[in-house]
Amino acid sequence: MKTWNTVYHEKLNLEEYLKKNGIGDHPALLVQVFTGGRDEDFIAELRKRIHDFLPSAVMIGASSTGEIADGVITSNQTILSFTQFEKTDLVTTAIPHDREPDSFRTGQEIARCLVSHRTKVMILFADGWYTNGEELIKGVESVNPHVVVAGGIAAVKDLRSPNLIFTEREILNRGVVGVALNSDDLIVNTKCNFDWTNIGQFMTITKAEKNRVYEIDDRPAIEAFRKYLGEEVGLNRSKHGAMFPLVVNRNGNLVARTCLLSHEDGSLTFSGNLKRGERVQFAYGNTELLVKSSIRTTQELQEIPTEAIFVYSCISRRTLMMELMGREIIPFQKKAPTAGFFTFGEFYRYEQNNEFLNHAMTALILSESAETRKFDPVQTELGNKTEVLSYLRAVSHLINVTTTELQKTNEALLEKEERYRRLVESCPVSIAVYHDDKIVLANRAAAALIGVKEPQELIGRSIFEFIHPEDRETVKNRIMSRFRKESIEQVNVDRLIRLDGRVIDVETVTNAFQLDDKPGAQIFIHDITERNRYEEQIKFHAYYDSLTGLPNRLQFLKDLSHALSQAQQNGNLLAVLFLDLDRFKNINDTLGHSIGDQLLSAVADRLKGCAGETAFVARLAGDEFTVLLPKMDHVQDAVSVAECIIDSFANPFTIQGYELFLTTSIGISVYPNDSDHIEALIKNADTAMYRAKEQGKNNYQMFTPEMKVMAFHRLILENSMRKALERNEFSLVYQPIVNSNNLQITGVEALLRWRHPEMGDVSPADFIPLAEETGMIVPIGEWVLRTASAQNKAWQDAGYPPIRMSVNLSARQFLQPNVNRNLVKTVKEALETTGLEAKWLVLEMTESIMQNYDNTIETLRQLQEIGVRISIDDFGTGYSSLSYLKRLPIDALKIDQSFVRDLTTDPDHAAIARAIIAMAHSLKLKVTAEGVETEGQAHYLRDLKCDKMQGYLFSKPLTASEFESLLRAGKPYMLASGSPGFVV
């Protein structure tokens, strides 16, 4: 069982995401969709896209005003949650309401459709306007009281917003959708946090029918909301009903009910039933309870088997306590992938019964395994929490009304004053009461905001002492205008000054009053400094690379679009340089990503130094950079920048004591010569860059139209190569290695060839570098190792004298992360599978393996321990250190053919060959010269006491049957005039 969560957006390549995460089509794949601010057309198109890639998967979804993905709370986003079950069957259905909704009957119908004897849990999503959640649960329980029910009522902002629920087959705006999880092995646990505290007077429900309340205290139900929460809330119940629930005590437990709709007759529709005679109170979110709940949940989760968690939480918790809500979810995400959405009501299994809750956070915890996993506990702290302005106004009004009622009697005054102070103290919002230019009341949140230890330290001080000097006059004028009733404009304060002098950004709500003919106000303050900083950070990360500080692809596209528009208006040239760092992956793999990241930052600095002040340098991805030259008079300007960059890379980069040599390949495209479109300019520069790599790297290339054809050919070649192994298009040829003294065959080198069914024979010079670049060299190399070993064993079994088989090993194979220890295993498996003794296998590798010296020595030592011979190929062309070489556990060297070719005509090359042979023999290493094509070269090498020779003088690479003919003849090569080759 496994869960993946992601935010769906226009730029998400869904097919690529599914492939990358290994999410395949399966009837036991559950897709949950939570989407905010989207209409039915969007949902229909999204369902179709998911169905195109996952036609067998089941889906349920709902519209929302807040979503949860991997423990992160989002707004107006679309969340996709994929859960692949292994031991669980899934069934979905959708039940629309009748014209006159009967939620009890709908609950019965969906239970009959979904519940079987194997059903462990049923997840239900219902619409928020027409479903009575309590009646729905009663209907389910009447059919099957044993099944666990989870999920909730879909929440939307207001009546104009779509309230949609859906499965993979249907979309409803009134009704219920659900999925049944049927399994004998599924482990189901549920969690619930309810963190609300009742406050204010008791009120009595005097007339009600199920979830529609007509009268409270013998007056229209709407009047209770207007009286205690203010006119604004009274006119907007759908917005504020979720923030101010009515709570009723049932069997010793507080049960909350959200107000969903108001009617012209003054009645209110709630999300669940309220009965005539029940006594209710308003409630507020208690952050202390939330902290305790979070700590308790963290402790309980430690012992619960968990593979996926789905959270269905009341929208009010997100609205009132978003930051704490975010921390409340952290323990779940630490335990397992967590997704969900915010609701108007939650379905929850409590002990032996399913219940319908409001203002709670419920969690459905699933696992198909009994194993438990511990995680580090999360510390949840009290502090300034994000609130919405409407909540602040409502709380302000509630405090005013409560204060008025406190004055009726002394006894009531004392009791209600304490209640008022308790509300102020427990409120996570900073509250200060100002009268006659002095602060007369403040809570601990306000004290912490200003920077004092105790609220008492603020009493008697002027409120204007803490308002930013630039804002004081404006705030004073607004307060007086409100006092004189000349204006109803809110008195907003944007900046405050703490006692330590730090300026903070704030949101405020003020509730002006008059006492003893002097102005006063209740001020609710929320510190938004961090929020503003986060918004700036989010903006930065959206358009800039956090590692180098350079613009990213999005910002580069904006810069290029603007520069292109200016160039079109002004008639100047513009150039795009596309850079890719050569062999940067080797540095990452050998020295680690920390060194690689520092190197990328150093590269960015050098690029900015060469590009100049008017240019734009960006990092697109990985080791790819771009340079935009927006205003050029001549194409040579771009060439000059490219040459500067290449020259600057000639100097090594010093990172943490390492001296690193790095080169870059650059492609250049120019407006208007190469294109007048943004994407085409970038693509053409990219194509030219690949041409630079094909030309040996460490150079620049100007784009030409012919490069498109070459790039297309390269793409075809790459795609074909990925299928070549499966289609048995690769083969091996074998070139003999002879003893320099008697010219007998003592070994053979296996060489890879590719015959394409349409292109014919593809040159190794074309496909082997491409295989290195794409990583295909790893599976191809393993195939070569097995095939060559099997062929050598076959020749031995045929009775021919045993010889050593040389197989080339790519540096990419050798230096891949976590592959070094597996390379030995791969060689062992090839030898065991083919039955070839290790002493008859020679692995040839180039000097580039020495980049990761410590790992190289250990791996080579393990290979030697099993009997495999090691040879350094193309010796003299790399960057080996002699001090490293003497410590490497190797058996032989191969002199590169570039030295052999001019051996008899170039004294320098002859001196190098002589030095390599002498040095190797002093280290007790055997030496093979490759590329021997003339008898003069052979005689010279024999005089230098070179041990072995290989080349066209003796034989071209042969097929297995042709080479077997040489073995069958068993004759040495004869050095004499005439055609080169073995005398058979």
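Where an unreviewed UniProt entry is consulted, the protein chain appears under the name EAL domain-containing protein, with the organism given as Effusibacillus consociatus.

Section: the overall build of the protein chain
When helices and strands are counted, the protein chain shows 31 helices and 46 strands. Relative to its full complement of 984 residues, the protein chain shows a buried share of 54%. Taking as baseline every contact in the protein chain between residues at least 6 positions apart, the subset at least 24 positions apart corresponds to 72%.

A look at the state of the cysteines
The full count for this structure, using the stated rule, is one disulfide. Here Cys610 is linked by a disulfide to Cys644, with a sulfur-sulfur distance of 2.4 Å. Judged by the torsion about the S-S bond (-75°), the Cys610/Cys644 disulfide is left-handed. Taken together, the residues span a long stretch of sequence, with Cys610 in helix α18 (residues 593-611) and Cys644 in helix α19 (residues 636-648) at a distance of 34 residues. Cys644 gets classed as partly exposed once you look at its relative accessible area, which sits at 30%.

Here's the deal with the sheet that holds strand β6 (residues 78-84)
Across the sheet, which stays open at both edges, the six strands sit in the order β1-β6-β2-β3-β10-β11 with mixed pairing between neighbours. Two strands lie at the open edges of the sheet, namely β1 (2-8) and β11 (171-172), each paired on one side alone. Judged from the three bridges that link them, strand β3 (residues 58-64) and strand β10 (residues 165-167) form a sheet pairing that is antiparallel. From the neighbouring strand, Ala62 faces β10, where its bridge partner is Ile165. The strands that helix α2 (residues 40-53) touches are β1, β2 (29-36), β3, β6, β10 and β11; relative to β2, the one it contacts most, it runs at about 155°.

Structural notes on the packing of aromatic side chains
All chains considered together, the criterion is met by 21 aromatic pairs. A ring pair is formed by Phe730 and Phe767, whose centres lie 6.0 Å apart and whose planes are at 40°; its orientation type is tilted. Within this pair, whereas Phe730 is found in strand β38 (residues 730-739), its partner Phe767 is found in helix α22 (residues 764-774), the two being separated by 37 residues in sequence. With respect to class, Phe730 is no different from Phe767; both count as buried. A network of ring pairs unites the aromatic residues Phe34, Phe125, Tyr312 and Phe341 as a single cluster. The ring of Tyr543 carries Lys558 above its face, with NZ or CZ at 4.4 Å from the centroid. Across from the ring centre of Phe653, 3.6 Å away, lies the NZ or CZ of Arg606, which sits over that ring.

What about the pattern of salt bridges?
On inspection of all chains with the given rule, the structure shows 33 salt bridges. For the salt bridge of Arg257 with Glu134, the shortest nitrogen-to-oxygen distance reads 3.0 Å. Of this pair, Arg257 sits in strand β18 (residues 253-257) while Glu134 sits in helix α4 (residues 133-143), and the two are 123 residues apart along the sequence. In terms of burial, Arg257 and Glu134 fall into one category: buried.

Remarks on the sheet that holds strand β29 (residues 503-515)
Ordered in space as β27-β26-β30-β29-β28, the five strands form an open sheet in which the pairing is antiparallel. Each end of this open sheet is capped by a strand with a single partner; those strands are β27 (438-442) and β28 (495-497). Strand after strand, the sheet turns through a mean of 40° between neighbouring axes, direction not considered. Relative to β29, β28 is paired through three bridges, and the arrangement is antiparallel. Bridge pairing links Ile497 to Val503 in β29.

Observations concerning the nonpolar core
Of all hydrophobic cores here, the largest spans 79 residues; its most connected members are Leu843, Leu893 and Phe963. Those residues within four positions of Leu843 in sequence are excluded, and the remaining contacts are Leu785, Val807, Val827, Leu863, Val868, Arg869, Ile870 and Ser871. Ranked by size, the runner-up nonpolar core spans 41 residues in total, among them Leu136, Val140, Phe342 and Phe356.

Regarding the packing of α18 against α19
Running from N to C, α18 and α19 point in directions that differ by 145°, and their axes come no closer than 9 Å. The crossing of α18 and α19 is right-handed. Across the interface between the two elements, Arg606, Leu607, Cys610 and Ala611 of α18 pack against Val641, Cys644, Ile645 and Ser648 of α19. Of the residues that constitute the contact of α18 with α19, the class distribution is six nonpolar, one polar and one charged.

Topic: the pairing of strand β17 (residues 246-250)
Among the five residues of β17, four are classified as buried, and the element is accordingly described as predominantly covered. Relative to β18, β17 runs antiparallel, the two being bridged by five bridges. If you follow Arg250 over to β18, its bridge partner there is Asn253. In sequence, β17 turns back onto β18 through a hairpin of two residues, with Asn251 there showing a positive phi of about 55°.

Looking at unusual backbone geometry
With an omega of 5°, the peptide bond running from Tyr671 to Pro672 counts as cis. When you line up the elements, Pro672 lands in the loop between β36 (663-671) and α20 (678-694). In this structure, Asp218 is a non-glycine residue whose phi angle is positive, near 65°. Residue position: Asp218 is located in the loop between β15 (212-216) and β16 (219-220). Positive phi values are uncommon outside glycine, yet Lys924 reaches one of about 60°. Mapped onto the secondary structure, Lys924 falls in the loop between α29 (907-922) and β45 (926-930). In this structure Lys924 comes out as exposed when scored by relative accessible area, which is 75%.

Brief notes about the packing of helix α3 (residues 103-114) against α4
Packing of α3 against α4 brings their axes to within 6 Å, and their N-to-C directions diverge by 45°. It follows that α3 is oblique to α4 by the angle criterion. For the pair α3 and α4, the sense of crossing is right-handed. The residues of α4 that touch α3, namely those facing Ser103, Phe104, Thr106, Gly107, Gln108, Ile110, Ala111 and Arg112, are Glu135, Leu136, Lys138, Gly139, Val140, Ser142 and Val143.

A word on the environment of Phe524
Along the chain, the position of Phe524 falls in strand β30 (residues 518-527). For the pair Phe524 and Val509, spaced 15 residues apart in sequence, the C-alpha to C-alpha distance is 5.2 Å.

Thoughts on helix α30 (residues 935-943)
Residues Gln937, Ala938 and Leu941 constitute the buried set of α30. The buried residues of α30 all sit within an arc of 100° when viewed along its axis, so they share a single face. Buried residues belonging to α30 abut α28 (897-901), β45 and β46 (948-950). In the stretch just after α30, Lys945 is the one whose phi turns positive, near 65°.

Focus on the environment of Phe963
With respect to the helices and strands, the residue Phe963 is situated in helix α31 (residues 960-969). Judged by its relative accessible area of 0%, Phe963 is buried. On a C-alpha basis, the gap between Phe963 and Trp795 in space is 9.9 Å, while along the polypeptide they are 168 residues apart. Ignoring anything within four residues of it in the chain, the contact list for Phe963 reads Tyr734, Pro736, Ile745, Val748, Trp795, Ile803 and Leu958.

Concerning the confidence of the model for the protein chain
Taken over all residues, the pLDDT of the protein chain has a mean of 85, while the share at 70 or more is 87%. In the model of the protein chain, helix α7 (residues 237-240) stands out as the element of lowest mean pLDDT, 49, in contrast to strand β12 (residues 175-182), which has the highest, 97. Here residues 380-390 is modelled with pLDDT under 50, and outside its nearest four sequence neighbours on either side it reaches 44 contacts, counting other chains as well. Low pLDDT (under 50) marks residues 977-984, which in the prediction has 22 contacts with non-local residues, meaning those over four places away or in another chain.

Regarding the side chain of Glu749
Turning to its location among the elements, Glu749 is positioned in strand β39 (residues 745-756). Here the side chain of Glu749 touches Lys894 through a polar contact of 2.8 Å, side chain to side chain. For Glu749, the side chain forms a polar contact with the side chain of Gln950, separated by 2.7 Å. Once residues within four sequence positions are removed from consideration, Glu749 is found in contact with Val733, Tyr734, Gln735, Ile737, Ser806, Asn808, Glu844, Lys894 and Gln950.

Section: the environment of Ile917
Of note, Ile917 is situated in helix α29. Here Ile917 falls in the buried class, since its relative accessible area comes to 2%. Through-space distance from the C-alpha of Ile917 to that of Ala929 is 9.5 Å; in sequence the pair is 12 residues apart. Ignoring anything within four residues of it in the chain, the contact list for Ile917 reads Ile895, Val927, Leu944, Lys945 and Cys946.

Rules of the game
Residues numbered from 1 in each chain as written. Predicted model: local features only at pLDDT ≥ 70, side-chain atom pairs only at ≥ 80, totals over all residues. Heavy atoms only, no water. Helix = DSSP H or I, 4+ residues; strand = E, 2+ residues; numbered from the N terminus. Buried < 20%, exposed > 50% of the residue type's maximum accessible area, 1.4 Å probe, protein only. Contact = heavy atoms within 4.5 Å. Disulfide = S-S within 2.5 Å. Pairing = 2+ DSSP bridges. Axes fitted to C-alpha atoms, helices over the stretch in contact; angles between N-to-C directions. Phe/Tyr/Trp six-rings, centres within 6.5 Å; stacked < 30°, edge-to-face > 60°. Lys NZ or Arg CZ within 6 Å of the ring centre and 35° of its normal. Salt bridge = Lys/Arg side-chain N within 4 Å of Asp/Glu carboxyl O. Core = buried A, V, L, I, M, F, W, Y, C linked by side-chain atoms within 4.5 Å. Left-handed = near helix turned anticlockwise from the far one by under 90°. Nonpolar A, V, L, I, M, F, W, Y, C, P; charged D, E, K, R; others polar. Parallel < 35°, antiparallel > 145°, perpendicular 65-115°, else oblique. Arc of directions from axis to C-beta. pLDDT = per-residue confidence, 0-100. Polar contact = N/O pair within 3.5 Å; in protein donor to acceptor, adjacent residues only side chain to side chain.

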